[in-house]
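Remarks on the overall topology
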Amino acid sequence: MTFIMDPFMYPSIIKHGRQLDFHKLSDTLAPLAFGYPPVMNRNSPGLHDEIIRSFQLLQGDNLTPLTESMMGNLMLVFRQDHMGERLGEEGVWKSGGMYEFCSSVMFEATFLTIYGKPPLASRHSGMGTLREDFLRFDTMFPLLIAKVPIRFLRQAKASRDKMINYFLPHRMLCWSNTSMFIKRRLELLDQYDTLRDVDKAAHHFAILWASVANTVPATFWAMYYLVSHPEALEVVRQEIHDILNLSGIEFSTDKEVMLSRQQLDKLLYLESTINESLRLSSASMNIRVAQEDFSLRLDGERSVAIRKEDIIVLYPQSLHMDPEIYEEPQMFRHDRYIQNGREKTDFYKDGQKLKYYLMPFGSGSSMCPGRYFAINEIKQFLCLMLLYFDLQLEEGQTRATVDSSRAGLGILLPTKDVRFRYRPRVVKQDKCVTSATSMSSQMSD
Ligand code: HEM
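Residues numbered from 1 in each chain as written. Predicted model: local features only at pLDDT ≥ 70, side-chain atom pairs only at ≥ 80, totals over all residues. Heavy atoms only, no water.

A few points about the environment of tyrosine 372
- Here tyrosine 372 shows up in helix α17 (residues 371-388).
- For tyrosine 372, a relative accessible area of 40% translates into the label partly exposed.
- Once the C-alpha coordinates of tyrosine 372 and phenylalanine 361 are considered, the two residues, eleven residues apart in sequence, prove to be 10.0 Å apart.
- Residues in contact with tyrosine 372, not counting those within four places in the same chain, are Gln59 and Leu63.
- Here the side chain of tyrosine 372 touches arginine 371 through a polar contact of 3.4 Å, side chain to side chain. (Helix = DSSP H or I, 4+ residues; strand = E, 2+ residues; numbered from the N terminus. Buried < 20%, exposed > 50% of the residue type's maximum accessible area, 1.4 Å probe, protein only. Contact = heavy atoms within 4.5 Å. Polar contact = N/O pair within 3.5 Å; in protein donor to acceptor, adjacent residues only side chain to side chain.)

Describing unusual backbone geometry
- Even without a glycine there, the phi angle at leucine 120 is positive, about 60°.
- Its place among the elements puts leucine 120 in the loop between α5 (98-115) and α6 (127-139).
- The residue aspartate 350 is not glycine, and still its phi comes out positive at about 45°.
- Residue placement: aspartate 350 occurs in the loop between β10 (348-349) and β11 (352-353).

Points about the environment of histidine 320
- Relative to the elements of secondary structure, histidine 320 occurs in helix α16 (residues 317-320).
- Exposure remark for histidine 320: the relative accessible area of 0% places this residue in the buried category.
- Once the C-alpha coordinates of histidine 320 and glutamate 276 are considered, the two residues, 44 residues apart in sequence, prove to be 9.5 Å apart.
- In contact with histidine 320, other than residues within four places in its own chain, are Arg279, Ser282, Tyr326, Pro329, Tyr357, Leu358, Met359 and Pro360.

Considering the side chain of serine 103
- Within the element layout of this structure, serine 103 appears in helix α5.
- For serine 103, a relative accessible area of 4% translates into the label buried.
- If we skip the residues at most four places from it in the chain, serine 103 touches Arg131 and Val216.

These results come straight from atomic positions and should not be treated as a statement about function.
This is the structure we're talking about:
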């Protein structure tokens, strides 16, 4: 395995997507983890290409219905689980684990948005058990990707079997409000007689993993950094109020709010906050396997000989934490990705501008197709948290640190959960009546 440490070499690696391939490797590892047969085989001609094509249904114009549906589902879960019967009434402080809070809300709202709701109900029963199974499986995920056979990991196997059962086609066909993305995949998998129902269900389960395993910790870190930096939280909260005001929406906490995709796009400080927390918490590896012997040109003068089967790895965490690129890289700065009121995209090393400076979503052929949806849903979650709740960290806790046991696989989890307090805010026609008291207590934390 060769790790590429010089970020100026990244573009050469990324643009050789055909010779330096990702999907053949993922087609050996993903089946081991998720339990479906490899996709690139003679029994399922064309399936791999169609799966890749289906990813477009997470992007472009398709992002609008996904975003609208996510907003409704987040509001549903927030209202029923956390806001109390009546909106707009000052509530009591509650406390809880911040990771647990993010995980329960994002897991369910994402599930409802992607897979839809059950017949005759707005929420699926058994979501808590499904999430517990998910967490048991996810804890073992690094071992599965390291090719430890799942039969040696009995709990992970039992949890995986239960989750796969959840997605059996006869159950999914009863769900409504299913995203176009999943509808297309149901239709597509149905065209292959060689796939059994459990194989199809395993594909849907794999998408569940992809859609929440990184989004939940990413949501946690963005929320944690905001709550632990009250000055940043206030800037972002004000930005959200300003965007609503600009659109002529008189926000008050006794009403449900709807933020459109266009409004979310304008939230630059919120986006910078999310990018900054992704920079600090992401540790994914971009792995490529050489498909043939070839000469890889690095720049005008240099090239290296690559042999078939060589494994080349980009590890963007080394660039995210490089003090020559990011001043004080360990520090959270909510406005790191903003310059002169616009998104900052020029970052330098040794006086040279970098093409790639932030890569939590991978690169080139293995770039995450859900990245726009992920950023939008994290924005939506944080907008609702900041608009409807006063938030504080509980006192007497040490700073949250990352657990590196998933290094290489995506967004790192915290070593332990962080305790926080939250209570419904009261804002009448965009005049915040509780923030003065809540801010002073946040500042003293
Ligand atoms: C903050 C949240 C997310 C992060 C950081 C993230 C990161 C990544 C990364 C790094 C990869 C490439 C894996 C590799 O190179 O080995 C990837 C792939 C993928 N992601 Fe995401 N992801 C996120 C959210 C999502 C969401 C919400 C969805 C779907 C709704 C999604 C769907 C996928 C899929 C289907 C792939 C496989 C792509 C392929 O096989 O070409 N991801 N993600």
